[in-house]
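Results of the structural survey
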Amino acid sequence: GGLLLPPASVPLPEGMPSLPPGWILLQDPTTSRYYFCNPATGSTTWSHPGDDVWRGYFDEGGKRYYCNSARGANVWELPEGVERFLDAANDDEVVEVRRGKE
């Protein structure tokens, strides 16, 4: 096998916030959409990795999970202290977390 080279990054467009260390900006050749990659971890995301926000998604079985690009985290339950997340299936609508004794 040959040595795998990381993809060639593209310059940040004017007005885009700088990226956290280790992250590069790439452009999807099919859609021309920008996405972000951390070659050291293999993480990729459409969301700017400096956005320290949690987004909620559903897996194939319909179970909700949460991702935070800035932290490189995918979890089944939001960490303590997180009070809201963005619902990725609903145009990133803000959802307040209801925590209570059941």
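In this report, the structure presented in the accompanying data block is examined. (Residues numbered from 1 in each chain as written. Predicted model: local features only at pLDDT ≥ 70, side-chain atom pairs only at ≥ 80, totals over all residues. Heavy atoms only, no water.)

1. Focus: the packing of aromatic side chains
Here is the rule we go by: Stacked, tilted and edge-to-face pairs are distinguished by plane angle, under 30 degrees for stacked and over 60 for edge-to-face with tilted covering the rest, among Phe, Tyr and Trp rings (Trp via its six-membered ring) whose centres lie within 6.5 Å. A 1.4 Å probe rolled over the protein chains alone gives each residue an accessible area, and that area as a share of the maximum for its type sets the label: buried under 20%, exposed over 50%, partly exposed in between. Ring-over charges, as used throughout, are those where CZ of Arg or NZ of Lys falls within 6 Å of the ring centre and within 35 degrees of the ring normal.
Enumeration according to the criterion identifies 4 aromatic pairs in this entry. Seen in terms of ring centroids, Tyr57 and Tyr65 are 5.7 Å apart; in terms of plane orientation they differ by 25°. Their pairing is stacked. The class for Tyr65 is partly exposed, based on a relative accessible area of 24%. Ring pairing ties together the aromatic residues Tyr57, Tyr65 and Trp76, which thus form one cluster. The ring of Trp46 is capped by Arg33, whose NZ or CZ atom sits 3.9 Å from the centre of that ring. Here Lys63 stacks its cationic end above the ring of Trp76, 4.2 Å away from the centre of that ring.

2. Looking at the sheet that holds strand S8 (residues 93-96)
For sheets, the rule is that strands pair by backbone hydrogen bonds, running either parallel or antiparallel. To be explicit about the condition: Pairing between strands is defined by DSSP: at least two bridges between them are needed. The way it works is that DSSP assigns letters per residue, a run of H or I at least four long becomes a helix, a run of E at least two long becomes a strand, and they are numbered from the N terminus. Orientation is described by axes fitted as lines to C-alpha atoms, over the contacting stretch for helices, and by angles from 0 to 180 degrees between their N-to-C directions.
Sheet architecture is open: 5 strands sit in the order S6-S5-S4-S7-S8, paired in mixed fashion. Unpaired on one side and paired on the other, strand S6 (73-75) and S8 mark the two borders of the sheet. In this sheet, neighbouring strand axes are inclined to one another by 35° on average, regardless of whether the strands run parallel or antiparallel. Here 2 bridges tie strand S4 (residues 55-58) to strand S7 (residues 84-87), and the two strands are oriented parallel to one another. Across the sheet, the residue bridging to Arg55 is Leu86, located in S7.

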